[in-house]
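# An overview of the molecular structure
Each chain is listed here by its residues.
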Amino acid sequence: MLGNFTYCNPTKLYFGGDSLANLNTELRKYEQNTVLIYGGGSIKKNGIYDEVMSILKEEEKNVAEIAGVMPNPTVEKLYEGVEIARNHKADFILAVGGGSVCDYAKAVSVSVHCDEDPWEKYYLKFEEPSCEVIPVGCVLTMVGTGSEMNTGAVITNHDAKLKIGHVFADEKIMPKFSILNPKYTLTLPHYQMISGIYDIFNHICEQYFSGEDDNTSDYISEGLMRSVIHSSRIANRNPQDYEARSNIMWSATWALNTLVAKAKSTDWMVHMLGQSVGACTDATHGMTLSAVSLPYYKHIMPYGLAKFVRFAKNVWNVDTTGKSDEQVASDGLQAMENWMKELGLVMNITELGATEDMIPDLVKATIVMPGGYKVLNADEIEQIFRESF
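Residues numbered from 1 in each chain as written. Predicted model: local features only at pLDDT ≥ 70, side-chain atom pairs only at ≥ 80, totals over all residues. Heavy atoms only, no water.

## Side note on the sheet that holds strand 3 (residues 62–66)
Pairing is parallel across the open sheet formed by six strands, whose spatial order is 1-8-5-4-2-3. Two strands close off the open sheet at either side, each with one partner strand: strand 1 (12–15) and strand 3. The mean inter-strand angle of the sheet, taken between neighbouring strand axes irrespective of direction, is 15 degrees. Sheet topology note: the strand 4 (residues 92–97)/strand 5 (residues 136–140) ladder contains five bridges and is parallel. The partner of leucine 94 across the bridge, within strand 5, is glycine 137. Against the sheet, helix 3 (residues 48–58) engages strand 2 (33–38), strand 3 and strand 4, with an angle of about 175 degrees to strand 2. Along the sheet, helix 5 (residues 99–109) makes contact with strand 2, strand 3, strand 4 and strand 5, crossing strand 4 at roughly 165 degrees. (Pairing = 2+ DSSP bridges. Helix = DSSP H or I, 4+ residues; strand = E, 2+ residues; numbered from the N terminus. Axes fitted to C-alpha atoms, helices over the stretch in contact; angles between N-to-C directions. Contact = heavy atoms within 4.5 Å.)

## Focus: the environment of threonine 185
Here threonine 185 is to be found in the loop between strand 8 (177–180) and helix 7 (190–208). Judged by its relative accessible area of 2%, threonine 185 falls in the buried class. Taking C-alpha positions, threonine 185 is 34 Å from phenylalanine 5, a pair spaced 180 residues apart along the chain. If sequence neighbours within four positions are ignored, threonine 185 has contacts with Thr141, Met142, Val143, Arg245 and Met249. (Buried < 20%, exposed > 50% of the residue type's maximum accessible area, 1.4 Å probe, protein only.)

## Regarding helix 5
Burial within helix 5 is extensive, with 10 of its 11 residues counted as buried. The complete set of buried residues in helix 5 reads Gly99, Val101, Cys102, Asp103, Tyr104, Ala105, Lys106, Ala107, Val108 and Ser109.

## A look at a nonpolar patch on the surface
A surface patch of nonpolar side chains, about 300 Å² in accessible area, is lined by Met1, Phe5 and Tyr7. With respect to the helices and strands, the residue methionine 1 is situated in the segment before strand 1. (Patch = residues over 30% accessible without salt bridge, like charges linked within 9 Å, V, L, I, M, F, W, Y side chains within 5 Å. Areas by Shrake-Rupley, 256 points an atom, 1.4 Å probe, with all protein chains shown as cover. Salt bridge = Lys/Arg side-chain N within 4 Å of Asp/Glu carboxyl O.)

## As for the pattern of salt bridges
This model, assessed by the stated rule, comprises 16 salt bridges. Between lysine 307 and aspartate 218 there is a salt bridge, and its shortest N-O distance comes to 3.1 Å. Of this pair, lysine 307 sits in helix 12 (residues 305–316) while aspartate 218 sits in helix 8 (residues 216–237), placing them 89 residues apart in sequence. Residue lysine 307 is classed as buried on the basis of its relative accessible area, which comes to 7%. Note that arginine 310 is salt-bridged to glutamate 222, the shortest N-O span being 2.5 Å. Here glutamate 222 lies in helix 8 and arginine 310 lies in helix 12, a separation of 88 residues in the sequence. The burial state of arginine 310 is the same as that of glutamate 222; both residues are buried.

## Section: the nonpolar core
Generally speaking, a soluble globular protein has its nonpolar side chains buried in company with each other. Phe201, Tyr297, Phe311, Trp316 and Trp339 are the most contacted members of the largest nonpolar core, which has 103 residues in total. If one sorts the elements of this core by residue count, helix 7 sits on top with nine residues. Formed by 21 residues, the second largest nonpolar core is a distinct cluster that contains Leu23, Ile48, Leu94 and Val96. (Core = buried A, V, L, I, M, F, W, Y, C linked by side-chain atoms within 4.5 Å.)

Structural data, given as structure tokens:
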């Protein structure tokens, strides 16, 4: 392993079918004014809302609600939530939902006491909070983003055609605790389940496809990828398989809690390309990633050939007998494509509503990030989008 790093992750996790029983203990650590944040109402249909509200009442919390957080939380919704939390004099924020709800809760938490426009400060200037941050806890109902154990918060601005994620520097912005009950994920529609699965897998890829040193983080990543592939196939056949769904949930958390990024550069260009598609189409996040992944990885493969060969061998068990490195690497990406199609993932951006007249906006909205095997220019970004139709 090369370089120096510091690792700190203060989020406390409660995992398993009885994990919600720990919410009482955690709530007692905070004052009474609690803001409950959730999405479109599924937690009311499946009973999770009633369970959580019962515990909040037991702990005599004064609750204000922010409902209707959408899959790609908007800047307008952020402003609305900040106003509610300010008026409530919030002491604590409890997010109940998937990654978008957790992301949104963190965005609200850093914005309530901010005297500046949070969109401009955090998402255009990428500044860090200089104000008090409200503590956040999460009850997870959908897996994929890893937001339950990191500092990331993605917000969409439709007017500007931008979808931007800010991974805050200070670990105090991480959730103080997260409750992970795999049973809560069993009612998800198939489309959402496989979208989350690919989000997990791609998080690992983004950290794996960089660097050339012998790095422990890459060995961990390979194990996580193999686990996701194995469990996804079981869950795809039987979404009610608790063991498979619990393994997927646990892999999601470790895929993006900064562990496998240690001592590495990282390549987040698939996310930058996918978020551009999301900003223009409002499509489901994981599907925007699946739609652009293969054209991107085929484009950069010659620049990081050794890692793509390793990926083929160690993750996909590609037979290398009599093959060149280029063929082995290509066979690895073919195995990945076959798996993606097996799950039923979206494989092109046309299916997500993208049209060729969007290309200038797609290219403009794509943030170019270093860290991977090839830093893209605008012409290459356009080429990848065209190959994604």
